[in-house]
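# Descriptive analysis of the structure
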Amino acid sequence: MKAAVPVLLAALACAGAALAARAAELTELTGPQSDYVEHCSGCHGMQGDSYPADIPVLRGRVGYFLCTKEGREYLIRLPNVSYSAIPDDQQLADMMNFVVFGLGGPSVPRGAKHFTAAEIGSLRKQPLATTSLVDARNRIVGAMVRTCGAPKSMNRFYDPALLPQKY
Ligand code: HEC
C-alpha cells in the first residue's frame, strides 16, 4: 500500500508534463498564424478548409491566384482583407504570405514573389467596390484557368472531386 502514493504522484507528474507539452504546442502559433486564426479562420476554417460552408477553401488552392496580376491583386483588394482590422501593412503582408504560401502550398506558381508592405499598402487603398464579388471572381478565375493552368475546379469554392477527403 505504501508504494501507492509515490506511484500516484509519479503518474500525476507525468500527466502534468503531458498537459504542459500539449499547451505549449497549442500556443506556439507564429504572429501571422494567430492573425489568421483571429481574423479569418471563423469563416475560412483553422486549416483554410471551410467546406461544407459556402466559402472558398483556401488550403491547397489560394496560390493559383498569383498566376495573373489581377488574381494577385484580387487577394488583397477583397474587402475582408483590405478592411481587415490589421492596420500595419507589414503585418498584413506577413499574414497574407502565410495564407497564400503556407495554406496555399503546392498551388503557388513556381517563382511567385511574396507580398511586400509597399504592395499591400497600395492595393488595400483600392478595395473592390463591385456589387458582385462572385462576378469579379468568375472573371478572374476564368482567366486563370485559360491562361496559366489553374485547374477548372477553381471555378467553384471547393473541389467536389476531393470530398470527403481532406484538402
Ligand atoms: C465573414 C466571413 C469571412 C471572413 C471573416 C473572411 N472571409 Fe475571405 N471570403 C469569404 C467569402 C464568402 C468569400 C467569397 C467571396 C465571393 O467570391 O463572393 C471569401 C473569399 C476570400 C478569398 C478568395 C478565395 C477564392 O477562392 O475566391 C480569400 C483569399 C480570402 N477570402 C481570404 C480571407 C482572409 C485572409 C481573411 C482574414 C483577413 C478573410 N478572408 C476573412 C468570407 C470571409
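A few points on the structure. Everything quoted here is computed from the prediction, not taken from an experiment.

## Overview of helix α6 (residues 89-103)
Its 15 residues give α6 an end-to-end C-alpha distance of 20 Å, which sits within 8% of 21 Å, the value for a rise of 1.5 Å per residue. For α6, every residue scored as buried is listed here: Leu-92, Ala-93, Met-95, Met-96, Asn-97, Phe-98, Val-99, Val-100 and Leu-103. Of the surrounding secondary structure, the elements contacted by the buried residues of α6 are α2 (31-39), α4 (69-77), α5 (79-82) and α7 (117-123). Remark: Gly-105 follows α6 within two positions and exhibits a positive phi of approximately 50°.

## Remarks on the nonpolar core
Counting 30 residues, the largest nonpolar core has Tyr-36, Phe-65, Leu-75, Met-96, Val-99, Val-100 and Phe-115 as the members making the most contacts within it. Only α4, α6, α7 and α8 (133-148) provide two or more residues apiece to this core. At eight residues, α6 tops the list of elements feeding residues into this core. Other than its neighbours up to four places away in sequence, Leu-75 contacts Val-62, Phe-65, Leu-66, Val-81, Met-96, Val-100 and Phe-115.

## Details of the packing of aromatic side chains
Going through the model one piece at a time under the given rule, you end up with three aromatic pairs. Each ring, one from Tyr-36 and one from Phe-98, has its centre 5.9 Å from the other, and the planes form 70°; the classification is edge-to-face. In this pair, Tyr-36 is assigned in helix α2 and Phe-98 in helix α6, connecting sequence segments 62 residues apart. On the basis of an interplanar angle of 65° and a centroid distance of 4.8 Å, the ring pair of Tyr-51 and Tyr-158 is categorised as edge-to-face. Of the two residues, Tyr-51 sits in the loop between α3 (41-44) and α4 while Tyr-158 sits in the segment after α8, which places them 107 residues apart along the sequence. Since its relative accessible area comes to 36%, Tyr-51 is described here as partly exposed.

## Describing the site of the ligand
The environment of the ligand is made up of 20 residues, and the closest members are Cys-40, Cys-43, His-44, Asn-80 and Arg-137. Ranked by residue count, the leading element in the shell around the ligand is α8, at three residues. When the residues that make up the shell around the ligand are grouped by side-chain class, the tally is 16 nonpolar, three polar and one charged.

## Notes on the state of the cysteines
Within the structure shown, the criterion is met by one disulfide. Paired through a disulfide, Cys-67 and Cys-148 show a sulfur-sulfur distance of 1.9 Å. Disulfide Cys-67 to Cys-148: torsion about the S-S bond roughly 45°, handedness right-handed. You can see Cys-67 sitting in the loop between α3 and α4 and its partner Cys-148 sitting in helix α8, a full 81 residues away along the chain. For Cys-67, a relative accessible area of 23% corresponds to the partly exposed category.

## What about the coordination of the iron atom of the ligand?
Among protein atoms, the single one acting as a donor to the iron atom of the ligand is His-44 (NE2), 2.0 Å away. One can find His-44 in helix α3.

## What to know about the environment of Gly-48
For Gly-48, the location among the structural elements is in the loop between α3 and α4. With a relative accessible area of 0%, Gly-48 lands in the buried category. Distance from Gly-48 to Gly-104, taken between C-alpha atoms, is 8.5 Å for residues 56 residues apart in sequence. In contact with Gly-48, not counting residues within four places along its chain, are Tyr-36, Val-57, Leu-58, Arg-59 and Leu-103.

Each value, and the rule that gives it
- Residues numbered from 1 in each chain as written.
- Predicted model: local features only at pLDDT ≥ 70, side-chain atom pairs only at ≥ 80, totals over all residues.
- Heavy atoms only, no water.
- Helix = DSSP H or I, 4+ residues; strand = E, 2+ residues; numbered from the N terminus.
- Expected span 1.5 Å × (residues − 1).
- Buried < 20%, exposed > 50% of the residue type's maximum accessible area, 1.4 Å probe, protein only.
- Contact = heavy atoms within 4.5 Å.
- Core = buried A, V, L, I, M, F, W, Y, C linked by side-chain atoms within 4.5 Å.
- Phe/Tyr/Trp six-rings, centres within 6.5 Å; stacked < 30°, edge-to-face > 60°.
- Near = heavy atom within 4 Å.
- Nonpolar A, V, L, I, M, F, W, Y, C, P; charged D, E, K, R; others polar.
- Disulfide = S-S within 2.5 Å.
- Donors = N, O, S within 2.8 Å, 3.2 Å for Na, K, Ca; no water.

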